[in-house]
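Architecture at a glance
Read off the chains here:
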Amino acid sequence: MTERAYFDWNATAPLRPAARAAMLAALDQAGNPSSVHAEGRAARQLIERARSQVAGLAGVDPGDVIFTSGASEANAMALSPGWSARPGQPALERLLVSAIEHPSVLGGGRFGPGRTHPVPVNSQGVVALDALRALLAGKPALVSIMLANNETGAVQPIREAAEIVHEAGGLLHVDAVQAPGRISLSFNELGADLVTLSAHKIGGPKGVGALIRRSGLHLSEPLIGGGGQERGLRGGTENVAGIAGFGAAAAEIASRLSAEAAHTLRLRERLEAGLRAITPDVIIFGQSADRLPNTTCFSHPGLRAEMAVIAFDLAGMSVSSGAACSSGKVQPSTVLAAMGVDPALARGAIRVSTGFSTGDADIEHFLSAWTKLSESLLKGRNVIAA
Ligand code: PLP
């Protein structure tokens, strides 16, 4: 049997061997990290080592890293009116979120839909800074803009957004889940106040994430109360093995960023040149924007993504469709809708995302499957809309 080619790294990345080794070692560590005896202290040490490793990825103080159960929880913690530079400051009344955020942000967290307002993006999927300035109207708000979009890969102008938000007296949260290992992630260069990360997007385990807060930023009410873990911000006995795996993946990424980014960029260029040569009418979303080196989101007139995903799967490849399936109904991606993409074209959106173990042979495999698929497409069979 031939090996499958995995092109869904933005959904989740395969586990890095270094993360697996760190987790296996941590699983055998007895002791609750809150206990003062030797076993407890050893478990605590594993967590603090990982905290330093994750902090190193973003260039922050380890004390500013709060471990969570994943990015969705970190986003929920970030989207709280209770963040302030000093205890006792008035709560933030409004939340502005870019229209291309992950559903865990679009929902508005503890602000709720009533106090959450979308910030539009342009046709390339990049947030419109003039609209952000107009929506703020000089008044403080919490603003959430992702660093790079999970569907199109479009990188957002975070530094500029931070200046606009801070001028109005607000705070900026950045969901940076898709960035590590692909583009540089310096907390200070971004100028953000809160940054979300997820272990499984970087080759760590699923079910672990972190929220990084600017030093001194205070949260009036924790999302999960309890035993005072994570500096009183997130109750619950820590997932020691998961956190150890997250730390190991972060340490590996920090040392390999430029090599992994250059590798995936070369593959992306080969992939997109191939797509254009085989099907000149292909549309690559966000192609004029600065994009993650590992992500291509494309469509073709007449293509139906759900059928194309099955066709690729049968040909031994895992790709993702840009359409979300909810309540049995396939709905066009909210990201592509926010970019003003024609709904018929959005229904055909396919996302191909790669990583360090993707090879040239995988790209050739993909292109030969696309050649066959597009022949059916152009003949009006199988993958086209009725
Ligand atoms: N934010 C973005 C941009 C994502 O792509 C994802 C994962 O799909 C999440 C948040 C949620 O991450 P997690 O699975 O760790 O909750």
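In what follows, the accompanying structure is described. This is a predicted model, so every value here is computed, not measured. Position numbers for residues start from 1 in each chain and track the written sequence from start to end. Given that the model is predicted, a residue must reach a pLDDT of at least 70 before its local features are reported, and side-chain atom pairs must reach 80 or more before they are shown or counted; all residues, however, enter totals for whole chains, interfaces and linings. Hydrogens and water molecules were not included; the side-chain quantities draw on all heavy atoms of the structure.

Consider each residue's heavy atoms; a residue with any of them within 4 Å of a molecule or strand counts as near. Taken together, 13 residues are adjacent to the ligand, and A71, S72, D175, S198 and K201 come closest. Two N or O atoms count as a polar contact when they lie within 3.5 Å, although within protein this holds only if one can serve as hydrogen donor and the other as acceptor, and sequence-adjacent residues are included solely when both atoms are side-chain atoms. Contacts to the ligand include S198, whose side-chain N or O atom sits 2.7 Å from an oxygen atom. Here an oxygen atom of the ligand sits 2.9 Å away from a polar atom, N or O, in the side chain of H200. In isolation the ligand exposes 390 Å². Once the protein is present, 84% of that is buried. What sets the accessible areas is the Shrake-Rupley method with a 1.4 Å probe; for residues, cover comes only from the shown protein chains.

By the convention used here, strands pair only if DSSP detects at least 2 bridges between them. Helix and strand assignments come from DSSP, with helices taken as H or I runs of at least 4 residues and strands as E runs of at least 2, each series counted from the N terminus. Strand order in this open sheet of seven strands is β2-β9-β8-β7-β6-β4-β5, and the pairing throughout is mixed. A single partner strand is all that each edge strand has here, and the edge strands are β2 (65–68) and β5 (116–119). Here the strands of the sheet are splayed against their neighbours by 20 degrees on average, with no regard to which way each runs. The pairing of β2 with strand β9 (residues 209–213) spans four bridges and is classified as antiparallel. When the bridges of β9 are listed, V65 appears paired with I212. What counts as an axis is a line fitted to C-alpha atoms, over the stretch in contact for a helix, and the angles between N-to-C directions run from 0 to 180 degrees.

Counted as salt bridges are all cases of a side-chain nitrogen of Lys or Arg within 4 Å of a carboxyl oxygen of Asp or Glu. Scanning all chains against the criterion turns up 18 salt bridges. Where R351 meets D8, a salt bridge forms, and the shortest distance between an N and an O atom there is 3.0 Å. Here R351 is found in strand β17 (residues 350–353), whereas its partner D8 is found in the loop between β1 (5–6) and α1 (17–27), with 343 residues between them in sequence.

Read across the sheet, four strands follow the order β11-β12-β17-β14 without closing on themselves; strand pairing throughout is antiparallel. The open sheet terminates on both sides in strands that have one partner only, identified here as β11 (283–284) and β14 (320–321). In this sheet, β17 lies alongside β14 in antiparallel orientation, the contact comprising two bridges. Bridging across to β17, S321 finds its partner in I350. Its contacts with the sheet put helix α8 (residues 240–278) on β11, β12 (295–299) and β17, and the angle it makes with β12 is roughly 15 degrees. Any two residues having at least one pair of non-hydrogen atoms within 4.5 Å are treated as being in contact.

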